[in-house]
Amino acid sequence: MSETRSDGELLRAIAADADRHAFEELYRRFAPWLTARMRGRCADAGIVDDVVQETFLAVWRGSARYREDGDVAGWLWRIAARRLVDALRGDGARGRLRQTLSRLRHRDEVSAEERVLAGVEHGDLAGALTRLSPELRAVLQATVIDGLTTREAAVLLGIPPGTVKTRALRARKQLREALA
């Protein structure tokens, strides 16, 4: 009877020996969990499946390196989350470059989020955020924290772009009221 290897042992075997059995075991251990968690962030099952596959390919090819200083599930989640954002933005590095250039062109314009946060001198932002409904928090997370466009957030959340805009406006209004 074989002994069950730890996550770290599996990753070391994959990195050092290209151990296919270790890779398969790691995949069986984490792919269902990662897929379920990604589907909570993106309504498009095809994109989710691609992101999960790309995540494990990065592990197999060694382009994603585990430093053994944290949780393997969290490490895989970070890889997948970055790949999801890239997938939703379209063409990865090219899309990031286009967005960076776009931001440079409009760098003098203050975003709505910056205006709200600049006006907050006192108040409990974390508390105000937790009091938002899950739907409003999800839109803020996608558009503010993840930096997605309205259209990208709509795909991620599986709702129409107009709903994203409406929820974002409602969330900002509630935050302004809570922090005033």
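Calculation criteria
Residues numbered from 1 in each chain as written. Predicted model: local features only at pLDDT ≥ 70, side-chain atom pairs only at ≥ 80, totals over all residues. Heavy atoms only, no water. Buried < 20%, exposed > 50% of the residue type's maximum accessible area, 1.4 Å probe, protein only. Helix = DSSP H or I, 4+ residues; strand = E, 2+ residues; numbered from the N terminus. Arc of directions from axis to C-beta. Contact = heavy atoms within 4.5 Å. Core = buried A, V, L, I, M, F, W, Y, C linked by side-chain atoms within 4.5 Å. Salt bridge = Lys/Arg side-chain N within 4 Å of Asp/Glu carboxyl O. Axes fitted to C-alpha atoms, helices over the stretch in contact; angles between N-to-C directions. Parallel < 35°, antiparallel > 145°, perpendicular 65-115°, else oblique. Nonpolar A, V, L, I, M, F, W, Y, C, P; charged D, E, K, R; others polar. Expected span 1.5 Å × (residues − 1). Phe/Tyr/Trp six-rings, centres within 6.5 Å; stacked < 30°, edge-to-face > 60°. Lys NZ or Arg CZ within 6 Å of the ring centre and 35° of its normal. Left-handed = near helix turned anticlockwise from the far one by under 90°.

Glancing now at helix α8 (residues 134-145). Among the residues making up α8, those that are buried are Leu136, Val139, Leu140, Ala142 and Thr143. Looking straight down α8, one finds that the buried residues subtend no more than 170 degrees of arc, so they occupy a single side. Among the exposed residues of α8, those oriented more than 90 degrees off its buried face are Pro134 and Ile145. Buried residues along α8 sit in contact with α7 (125-131), α9 (150-157) and α10 (161-179). Phi for Gly147, located one or two positions after α8, is positive at around 70 degrees.

Grouped together as the largest cluster of nonpolar side chains are 38 residues, with contacts concentrated most on Leu11, Leu26, Met38, Phe56, Val72, Trp75 and Leu84. Listed by contribution, the elements that provide at least two residues to this core are α1 (7-17), α2 (20-39), α3 (45-61), α4 (72-89), α8, α9 and α10. Here this core gets ten residues from one element, more than from any other, and that element is α4.

Looking now at the pattern of salt bridges. Evaluated as defined, the whole model comprises six salt bridges. Across the pair Asp49 and Arg39 runs a salt bridge whose closest N-O atoms are separated by 3.1 Å. Of this pair, Asp49 sits in helix α3 while Arg39 sits in helix α2, and the two are ten residues apart along the sequence. Lys173 is the salt-bridge partner of Glu177, the closest N and O atoms lying 3.8 Å from each other. With Glu177 and Lys173 both in helix α10 and four residues apart, this pair spans about one turn of that helix. The class of Glu177 is exposed, set by a relative accessible area of 52%. Judged by its relative accessible area of 47%, Lys173 falls in the partly exposed class. A single network of salt bridges, built from pairs that share partners, joins Asp7, Glu25 and Arg29.

Take the packing of α8 against α10 next. The relative placement of two packed helices comes down to the angle between their axes together with the axis-to-axis distance. Packing of α8 against α10 brings their axes to within 9 Å, and their N-to-C directions diverge by 100 degrees. By the angle class used here, α8 and α10 are roughly perpendicular. Contact residues: α8 offers Glu135, Leu136, Val139, Leu140 and Thr143, while α10 offers Val164, Arg167, Ala168, Arg170, Ala171, Gln174 and Leu175. Of the residues belonging to the contact of α8 with α10, the class tally is seven nonpolar, two polar and three charged.

In this model α4 runs 26 Å from its N-terminal to its C-terminal C-alpha over 18 residues, within 8% of the 26 Å that 1.5 Å per residue would give. All of the buried residues along α4 are Val72, Ala73, Gly74, Trp75, Leu76, Trp77, Ile79, Ala80, Leu84, Val85, Leu88 and Arg89.

Next up on the list: the packing of aromatic side chains. As enumerated under the stated definition, the model contains four aromatic pairs in all. Their ring planes at 75 degrees and their centres at 6.5 Å tell us that Phe30 and Trp33 sit as a pair that is edge-to-face. Linking Phe30 with Trp33, this pair stays in helix α2, spanning three residues, or about one helical turn. Here the aromatic cluster, defined as three or more aromatic residues joined through ring pairs, consists of Phe23, Tyr27, Phe56 and Trp60. If you follow Arg37 out to its NZ or CZ, it ends over the ring of Trp77, 3.9 Å from the centre.

A separate point is the packing of α1 against α2. The geometry of α1 relative to α2 is characterised by a closest axis approach of 8 Å and an angle of 140 degrees between their N-to-C directions. The orientation of α1 with respect to α2, classified from their angle, is oblique. In this structure, α1 crosses over α2, and the sense of that crossing is left-handed. In contact with Asp7, Leu10, Leu11, Ala13 and Ile14 of α1, α2 contributes Ala22, Phe23, Glu25, Leu26, Arg29 and Phe30. In terms of residue class, the contact of α1 with α2 is made up of eight nonpolar, no polar and three charged.

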